[in-house]
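Structural overview
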Amino acid sequence: MNSAVAPVRRQLRTPPVAASPFPLNPGSLLSVQDLTLDALSHLLARATALENQDPLTRARILAKRRIALLFYESSTRTRTSFELAAKGLGADTALVSSLSSSIEKGESLKDTGLTLRALGAEAIILRHASSGAPWLLEASTRLPVLNAGDGMHEHPTQALLDLRTILARLRSGIETVNAETLAGVTVSIVGDILHSRVARSNMLLLPRLGARVILCGPPALLPELAAQAGPGVEIARDFEAALARSQVVMMLRIQAERLAGLQLDLEEYKTAYQLTGQRLAALAPTAVVLHPGPIIRGLELTAGVADGPQSAILEQVTNGVAVRMAVVERALTAKADKGGRA
Amino acid sequence: MTALVIRGGNLIDPAAGVDGPKDILLKDGRVAEIASPGKLKTTNGADVLDATGLTIAPGLIDMHVHLREPGQGYKETIATGTAAAAAGGFTSVAAMPNTTPVNDSPETTRWMQAQERSAAVRVFPIAAATRGSKGETVNDYAALKAAGAVAVSDDGLPILKDNVMREALAAAARVGLSVIQHAEDTRQTRTANWSASMNAGPTAFNLGLRGWPNEAESAIVERDIRLVSELREARPHLHVAHISTAAALNAVRQARRNGLRVTCEVTPHHFLLTDEHVGLYDTNAKMCPPLRSAADRDALIEAILDGVVDAIATDHAPHAVHEKEVEFERAPNGIIGLETALGLCLRWLYQEWKLPLGRILSLLSAQPAALLGLKGRGTLTVGSFADVVVFDPKAEWSYSAREGKSKSRNTPFDGWTMQGKVRWTISEGRIAYSAETV
């Protein structure tokens, strides 16, 4: 009786996975997946337009609108750049950080979000140590939520500014992108992939424009299953072989704060994965060098590479303000029919 | 006590090999008579329930629930949890000991069964296997059994130390109890800085969440089977709670072939859902063990169909809304399940995958009764306890967590289509739930 049942197993219908209701607010940017290529092109175009606009005119766009920056983790670049972006559009900003607020007293993310909304915040920019926190905040407040980095998950505006930097260097700054824009471009992302939200956002975004992404690092920081993260993604253990194929090389910081007991021999790591002037000259003499910062000179890359002509690290920082102006503008002006999940 | 006649229904009693139209007389808390339709001899003065078109079966038995009392009454009480059980067709529930304090004493075991708890159906405590469920010192099982405990377990936590688990198995065997193990090698799933919050795999990687590898379950199951094998002479009974991986199932299958008393239960959520149902951080899809890959889920379905699985249990785990409305990694594990188990089993195992109704009811009553040694339950032979569920096996309905009897609403099945609507649940001759009263 029983043996007759088992063989048909593969044809069994099982409960489907429901389609995601997120983002709930059309102004939100939770994941790079939330942006269609059209929405992406629009953002890139707006970044350029806003960057070139007269500052006094620009400051009328969101004059006196209220935007909260809610930061549960320390940040230099992202926080300052979001703040300058919002202020550049004329918005009032308020910074709440976990160390100087009621968060210390145990207030939940939901209650903090509702409090900010009651204070008049029309959008919240969130950085949080827990993966997925922006989804919870959006569900709790229904406000536009901009993900400024959630745990080990995503950092969508970083991927946007990386894309803008790559387009400036390799595609003379074009703004209208499609599925072939980065055809023929190989991007190596090197180092601590496991803990990196920058890597996840880039590996999900760049292949949609035709790029090939090579994830490169030791098994402890790059599990085999990362190769299943999405189309156009492969993994490599040999840094020099990956470098030789790359037009873009993105170096990542070892995230000591997330290693959580993982033992890593830093000397061994440097021998295998440090981007040195010698390696760069020999294997990728024209490649663009990116790094999301903060950089640790002498660890993932040498000072000479960081400061050298192939480095676009400071251009990335500058591009951050431009793309975040576009993202903040979209947060407060998006209509339900724009954007949507790709 | 008044007598009760259930008339016009189809009686399915898998343990007794009965499947056909029968009338049944319940008297003084017991099954008094079973007869062909209209042929009951003594019905004078009995209340009559008309079960025309309905199925009559032994009341369901959930061998794995968390009723949260003592100590966590804001999540659930014994009264609300058993009301949910009755609404789901259950007449017996076995309550896990991870309460506050941990139920590791005869006093707490008795307290949980006391009249004052106002239980709607019978509660059978499962006592802690070790003092405070700390995995160090084995409790006095004879005293716990005398107080009413039907098994021992440190559920929520594993008994990690080989020597402690060996002692627990041997001591439980001496008094005729099973050891129910929550198989999780916490050395692989929890560190000082983090705990795994979902199944290890591509989905966890993409969501940036720490993964709970399959090996953390199978390693403990394999270790425990080795200990059972070493203690073979004493005939210990190991029961694996909420088994979730193909590897652990294979170990159980093999142990059984080797003549060992190793059994297992599966939850509806593990045989229906996969780690992809976590979606974008739905904390109602967070449980321990986590929802697994499609391959593991398929292996669970196969193991139910081919008879390796001994019981379906819900792991009913209520949590307050504010506890689940937090960051995914911080949310507590578990979902409620008492009010959806039958509806999901009939919708999927019966209607979709064609498992005979008798087999399903056996997994939900006769088999867990046997595993826990509940005499006179899980069957409706004359003289058995009058624990009965009467349901419409064909009725489709939509489950609304908000309308449930449980104090909590943490379930991924809200809004799902269920099949099989409970009409009456009768606990020891008393109507514990009637759909009319809703």
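Procedures and definitions
- Residues numbered from 1 in each chain as written.
- Chains lettered and ligands numbered in written order.
- Predicted model: local features only at pLDDT ≥ 70, side-chain atom pairs only at ≥ 80, totals over all residues.
- Heavy atoms only, no water.
- Helix = DSSP H or I, 4+ residues; strand = E, 2+ residues; numbered from the N terminus.
- Rg over C-alpha atoms; globule rule 2.2 N^0.38 Å.
- Contact = heavy atoms within 4.5 Å.
- Areas by Shrake-Rupley, 256 points an atom, 1.4 Å probe, with all protein chains shown as cover.
- Lys, Arg positive; Asp, Glu negative; His and termini not counted.
- Charge placed at Lys NZ, Arg CZ, Asp CG, Glu CD.
- Buried < 20%, exposed > 50% of the residue type's maximum accessible area, 1.4 Å probe, protein only.
- Pairing = 2+ DSSP bridges.
- pLDDT = per-residue confidence, 0-100.
- Axes fitted to C-alpha atoms, helices over the stretch in contact; angles between N-to-C directions.
- Parallel < 35°, antiparallel > 145°, perpendicular 65-115°, else oblique.
- Left-handed = near helix turned anticlockwise from the far one by under 90°.
- Nonpolar A, V, L, I, M, F, W, Y, C, P; charged D, E, K, R; others polar.
- Phe/Tyr/Trp six-rings, centres within 6.5 Å; stacked < 30°, edge-to-face > 60°.
- Lys NZ or Arg CZ within 6 Å of the ring centre and 35° of its normal.
- Expected span 1.5 Å × (residues − 1).
- Salt bridge = Lys/Arg side-chain N within 4 Å of Asp/Glu carboxyl O.
- Buried area = accessible area lost by both parts, 1.4 Å probe.

Here we come to the overall build of chain B. Assigned secondary structure in chain B consists of 14 helices and 18 strands. On C-alpha atoms alone, chain B measures out to a radius of gyration of 21 Å, which is about the 22 Å that the 2.2 N^0.38 rule sets for 438 residues. Each principal axis of the C-alpha distribution contributes one length, and for chain B these read about 65 × 45 × 40 Å. A sequence separation of at least 24 residues applies to 74% of the contacts in chain B between residues at least 6 apart. Carbon and sulfur atoms make up 48% of the accessible area of chain B, which totals about 15,200 Å². Separation of charge centres in chain B, based on 46 positive and 50 negative side chains, amounts to 4 Å.

The number of helices and strands found in chain A is 12 helices and nine strands. For chain A, whose C-alpha radius of gyration is 21 Å, the value lies close to the compact-globule estimate of 20 Å for 342 residues. Taken over the C-alpha atoms alone, chain A extends approximately 75 × 50 × 45 Å along its principal axes. A burial count over chain A gives 55% of its 342 residues as buried. The long-range share in chain A, meaning contacts at least 24 apart out of those at least 6 apart in sequence, stands at 73%. In the form shown here, chain A has an accessible surface area of approximately 13,800 Å², with 54% of it arising from carbon and sulfur atoms. Each charge class in chain A was averaged separately, 36 positive and 31 negative side chains, and the resulting centres sit 5 Å apart.

To continue, consider the sheet that holds strand 10 (residues 178-181) of chain B. All names here are of chain B. Within the open sheet, the five strands sit side by side as 9-10-13-14-15. Their pairing is parallel. On the outer flanks of this sheet lie strand 9 (152-153) and strand 15 (311-312), each paired with one strand and no other. As defined by bridge partners, strand 14 (residues 262-266) adjoins strand 15 across two bridges and the pair is classed as parallel. Pairing of V266 across the sheet is with I312, part of strand 15.

Before going further, it helps to spend a moment on the confidence of the model for chain A. All names here are of chain A. With 94% of its residues at a pLDDT of 70 or more, chain A shows a mean pLDDT of 93. Every residue in residues 1-8 is under pLDDT 50, and counting partners more than four places away or in other chains gives six contacts. Between residues 338-342, whose pLDDT stays under 50, and residues either more than four places distant or in other chains, the model counts 16 contacts.

A few words on the environment of B:V266. Residue and element names in this part refer to chain B. Positionally, V266 belongs in strand 14. Note: C-alpha distance between V266 and T314 (48 residues apart in sequence) is 7.9 Å. Residue contacts for V266: discarding those within four places in its chain leaves I243, F271, L300, I304, V309, A311, I312 and A313.

Attention now goes to the packing of helix 6 (residues 156-170) of chain A against helix 7 (residues 197-205) of chain A. All names here are of chain A. At a minimum axis distance of 8 Å, the contact between helix 6 and helix 7 shows a crossing angle of 60°. In terms of their interaxial angle, helix 6 and helix 7 are classed as oblique. Seen from above, helix 6 lies across helix 7 with right-handed handedness. From helix 6, P156, Q158, A159, L160, D162 and L163 reach across to helix 7, where they touch V198, S201, N202 and L205. Considered class by class, the residues forming the contact of helix 6 with helix 7 number six nonpolar, three polar and one charged.

For the structure on display, the rule yields eight aromatic pairs over all chains. When the centroid spacing of 5.9 Å and the interplanar angle of 50° are considered together, the rings of B:W348 and B:W353 count as tilted. When the ring of B:F413 is compared with that of B:W416, the centres are 4.9 Å apart and the planes differ by 85°; the resulting orientation is edge-to-face. Per residue, the accessibility class of B:F413 equals that of B:W416, and both read buried. Counting every residue linked through ring pairs, the aromatic cluster contains A:W135, B:Y281 and B:F328. A cation over an aromatic ring shows up here: A:R200 above the ring of B:F205, its NZ or CZ 4.2 Å from the ring centre. The ring of B:F385 has B:R30 lying over it, and the distance from NZ or CZ to the ring centre is 4.0 Å.

Moving on, we come to unusual backbone geometry. Cis rather than trans, the peptide bond between A:G293 and A:P294 has omega equal to -10°. Looking at the element boundaries, A:P294 is found in the loop between strand 9 (288-290) and helix 11 (303-307). Residue B:P289 follows B:C288 across a cis peptide bond; omega there is 0°. Structurally, the position occupied by B:P289 is in the loop between helix 9 (268-272) and helix 10 (294-305). With a phi angle near 25°, B:H242 is a residue other than glycine that sits in the positive phi range. As for its position among the elements, B:H242 is in the loop between strand 13 (237-240) and helix 8 (246-257). Relative accessible area serves as the criterion here: at 2%, B:H242 is assigned to the buried category. Not every positive phi belongs to a glycine, and B:Y281 is a case in point at roughly 70°. Secondary-structure assignment places B:Y281 in the loop between helix 9 and helix 10. Overall, the relative accessible area of 7% leaves B:Y281 in the buried class.

The next thing to look at is helix 6 of chain A. Residues and elements named next belong to chain A. Relative to the 21 Å expected for 15 residues at 1.5 Å per residue, helix 6 spans 21 Å between its end C-alpha atoms, a close match to the ideal helical length. In terms of burial, helix 6 is a largely internal element, 12 of the 15 residues being buried. Listing the buried residues of helix 6 in full gives P156, T157, Q158, A159, L160, L161, D162, L163, R164, T165, I166 and L167. Two residues or fewer after helix 6 comes S172, characterised by a positive phi angle close to 40°.

Assignment of secondary structure puts A:Q255 in the loop between strand 8 (248-251) and helix 9 (266-273). Setting aside anything within four residues of it in sequence, one finds A:Q255 in contact with A:D192, A:H195 and A:S196.

Residue and element names in this part refer to chain B. Within the structure shown, the criterion is met by 33 salt bridges over all chains. Ionic pairing is found between D162 and R226, a salt bridge with its closest N-O pair at 3.4 Å. Placement of D162 in helix 4 (residues 162-175) and of R226 in helix 7 (residues 214-230) is noted, with a sequence separation of 64 residues between them. Here R377 and E428 are joined by a salt bridge, their closest N and O atoms 2.8 Å apart. Of the two residues, R377 is situated in the loop between helix 14 (366-372) and strand 16 (388-398) and E428 in the loop between strand 17 (417-427) and strand 18 (430-434); the sequence distance between them amounts to 51 residues. When its relative accessible area of 9% is taken as the criterion, R377 is described as buried. Classification of E428 by relative accessible area gives buried; the value is 17%. A single network of salt bridges, built from pairs that share partners, joins D162, R166, R223, D224, R226 and E230.

Our next topic: the interface of chain B and chain A. Between chain B and chain A, the contact holds 32 residues from the first and 40 residues from the second. Together chain B and chain A conceal approximately 3,100 Å² of surface at their shared face, both sides included; 61% is due to carbon and sulfur atoms. For the chain B face of the interface with chain A, the top three residues by lost area are B:F205, B:L280 and B:E327, together amounting to 23%. For the pair chain B and chain A, the number of links is two salt bridges. Notably, a salt bridge pairs A:R13 with B:E352, separated by 3.1 Å at the nearest N-O pair. Put simply, the parts of the chain that give the side of chain B that touches chain A at least two residues each are helix 6 (202-207), helix 10 and helix 12 (341-352) of chain B. Considering every element that reaches the side of chain B that touches chain A, the biggest residue donor is helix 10 of chain B, with six residues.

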